[in-house]
Amino acid sequence: SAMTSPSAVDPTRMGEGKAIAVLTSGGDAQGMNAAVRAAVRVGIYCGAKVFFVHEGYQGLVDGGHNIRPATWESVSMMLQLGGTVIGSARCQDFRAREGRTKAACNLVKLGITNLCVIGGDGSLTGANQFRSEWSELLADLVKTGKITAEEARRSSHLNIVGMVGSIDNDFCGTDMTIGTDSALHRIMEVVDAITTTAQSHQRTFVLEVMGRHCGYLALVTALACGADWVFIPEMPPEDNWEDHLCRRLSETRGRGSRLNVIIVAEGAIDKNGKPITSECVKNLVVKRLGYDTRVTILGHVQRGGTPSAFDRILGSRMGVESVMALLEATPDTPACVVSLSGNQAVRLPLMECVQVTKDVTRAMAEGRFEDAIKLRGRSFENNWNTYKLLAHIRPPEGKSNFNIAIMNVGAPSAGMNAAVRSAVRIGIIQGHHMLAVHDGFEGLATGQIEPIGWGGVGGWTGKGGSNLGTKRVLPGKTLEEISLNIAKFNIHALVIIGGFEAFSGGLELVSGREKYEELCIPLVIIPATVSNNVPGSDFSIGADTALNTITNTCDRIKQSAAGTKRRVFLVETMGGYCGYLATMAGLAAGADAAYIFEDPFTIHDLETNVEHLVQKMKTTVKRGLILRNEKCNSNYTTDFIFNLYSEEGKGTFDCRKNVLGHMQQGGTPTPFDRNFGTKLGARSVLWLTDKLKECYRHGRVFANTPDSACVLGMRKRALLFQPLAELKEQTDFEHRIPKEQWWLKLRPILKILAKYQITLDTSEKAHLEHVIRKRPGEPLQLSGLQTR
């Protein structure tokens, strides 16, 4: 049975007799503290001793008070802080063997044989070197009498696990490095602030972002703000780029735009390897076009500020995974990097990642730029292709005679407008006529439909909410009116952007095809809702923005509770029956509990939580945060739980409640939602274009197969078109949620990090994956697939 099998390890005893040291090295990145906090707490949970190393490798070499024991409470209130609390340093001493010998001596004396390193590729390469020469260093120390033979035997082997913390996202094989998403948040704040000025004054802005060797930040920024041009090191512009750039800028002005934005990565070069600086771009524009042009260099602002919700969750998940990898390591396992691929935790061999990262540099040095983009991975390539599609093509002369209508359904969510913009523009580039439907299915039934052009969606990427207007009304009762309008406006295909209502409405249109042949047109549903409850997609447009808004609010609430002392806040989040927002915000804000519908709780659980808070008030951390999803339980309402906590906490803590309400729809969309919306909008119209060609017979469109009505969703690592008919089976219609939801696997992490004695299921392991697939006679191939 499972009880007696050796595989059923008790996770709370995995770390007995082991010691782990955690250090951050190299440049700081937002989210490093989340990783440190998770590694410390999971280490303690597993029964290991955990140490902080202050000031990176320098602290490892200097030893003494730089290496100190970490406690559960010592990482409290760390989650929301930018930078790294335990300090980082660029260290020359560790590069010399003498320094590494000192470091080894310090670790042996404390019995530390497990090292968790959070840093960039330089820091991780250093860690690997340290590991490979460990036995030689110990032999030297025994020889010089610094340690005894017995001490050397006890510490005979060093385990190393790395996490990549770098805002550039320049480490190959990993989807997202800790800090990248937060850096994009900072950049977007600046871009949004600048664009308002530029529009007031009809200016051209040249914006320089970090990324000496990697154009990721520049590329995603360009996509997320609809820039006119981007310069990245991986893809130098064609030889006569100056003419092309000036022509593009004047065309944009000619179309009535008051604004030009050019993004320059600090390492941008031309085909001959000569740097392209923001100053030379500015001078070109001024000299040729005479436009009022300003340069803004972002510099270290990009590293600053609080980490985004994504970076906190990423850091926390990677911190947990790194401790698991350390405690499971044997002398034969290679040093690994823990990362996320899609939303799966993965372990990658450290040296393979370093190798591919070096291969990119070599490809660029040799002018093999196509290879460089491929080696950067799927996500980078997808972003580049989407940028090229939207930026570099002029609308065609020829028309396709197809009309594609776009609508928003459900409640507004941030990023809907980005999806509409890219769908409209890609449609125009494909030669279609684009139609805007206002107010959802209601507008389709009452004929609120009008043509929408290139300029009509200008500047929409950064706008929150829904510009087209959205309604929750389903089409069922008005199918006849809808089919008449599809005929009247000659609509050949539909893009429906929205939440669960968009999904249900799509199903109703499909079932209406038998009766109304006008409904036999291809249609695609793009998931957009803060609740993240649309079947067929791991993520919905708008959920990331909502999550950041909730997390920021919880930070302020925690601050208030910490200031008052002995106070517990109960916060109600949106999401219908879906517990995604409550769970993820709980992870990102460091909540003590998150009550959701999918993880049923009883009065016993409520008692346990109250008792936990009573104990917590006896420690140095005298505050509590509890999240409750709005529909988690019809009897245990927010008021009920508030009353229960207030009664049980008498004399120990007092309780306050907050219902967050509609502000959770979030204002300006986050970089992820802008980028995700842009990609989904573009992909949906390219797919419809193919479907329209397939379904066009004898001068008319007729689509009646299940695969002509799909949800475009992100599944693990890829964007997929899935027939509505298939997804129907995977849906709980009563509670408007998918029957299976990937994020439920993160619930135990939330509970462990809040110090509940529960068992972490370690059976579902992240396997070591290879980054490099080598076939005979072929260059290195990357198998790390990317999404974000």
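None of these values were measured; they are calculated from a predicted model. (Residues numbered from 1 in each chain as written. Predicted model: local features only at pLDDT ≥ 70, side-chain atom pairs only at ≥ 80, totals over all residues. Heavy atoms only, no water.)

(A) Fine view of the overall build of the protein chain. The helix and strand tally for the protein chain stands at 25 helices and 29 strands. Relative to the compact-globule value of 28 Å for 788 residues, the protein chain shows a C-alpha radius of gyration of 28 Å, a close match. Taking the principal axes of the C-alpha coordinates as reference, the protein chain spans close to 90 × 70 × 55 Å. Long-range pairs, those at least 24 residues apart, make up 79% of the contacts in the protein chain between residues at least 6 apart in sequence. Roughly 30,300 Å² of accessible area belongs to the protein chain as shown, and the carbon and sulfur atoms make up 51% of that amount. (Helix = DSSP H or I, 4+ residues; strand = E, 2+ residues; numbered from the N terminus. Rg over C-alpha atoms; globule rule 2.2 N^0.38 Å. Contact = heavy atoms within 4.5 Å. Areas by Shrake-Rupley, 256 points an atom, 1.4 Å probe, with all protein chains shown as cover.)

(B) Structural detail: unusual backbone geometry. At Met77, a position not held by glycine, the phi torsion is positive, near 65°. The class for Met77 is partly exposed, based on a relative accessible area of 27%. Its identity as a non-glycine residue notwithstanding, Arg566 has a phi of 50°, on the positive side. The class of Arg566 is partly exposed, set by a relative accessible area of 38%. (Buried < 20%, exposed > 50% of the residue type's maximum accessible area, 1.4 Å probe, protein only.)

(C) A look at the domain arrangement of the protein chain. What the domain assignment reports for the protein chain is domain 1 (19-176 + 307-360), domain 2 (180-302), domain 3 (398-541 + 669-733) and domain 4 (548-665). Each of domain 2 and domain 4 was reduced to a C-alpha centroid, and the two centroids are 44 Å apart. (Domains from an automatic or database assignment.)

(D) Molecular detail of the sheet that holds strand E8 (residues 260-265). Strands sit in the order E7-E8-E6-E9 across an open sheet of 4 strands; the sheet is parallel. For this open sheet the edge positions go to strand E7 (229-231) and strand E9 (293-297), each flanked by a neighbour on one side alone. With strand direction ignored, the average angle separating the axes of adjacent strands in the sheet is 15°. Sheet topology places E7 next to E8; 3 bridges connect them, and they run parallel. Each bridged residue has a counterpart across the sheet, and for Trp229 the counterpart in E8 is Ile262. Against the sheet, helix H7 (residues 180-201) contacts strand E6 (204-209), E8 and E9, and its axis sits at roughly 165° relative to E6. (Pairing = 2+ DSSP bridges. Axes fitted to C-alpha atoms, helices over the stretch in contact; angles between N-to-C directions.)

(E) Up close: helix H23 (residues 671-695). For H23, with 25 residues, the first-to-last C-alpha span of 36 Å sits near the 36 Å given by 1.5 Å per residue. Burial analysis of H23 places 20 of its 25 residues in the buried class, the great majority of the element. (Expected span 1.5 Å × (residues − 1).)

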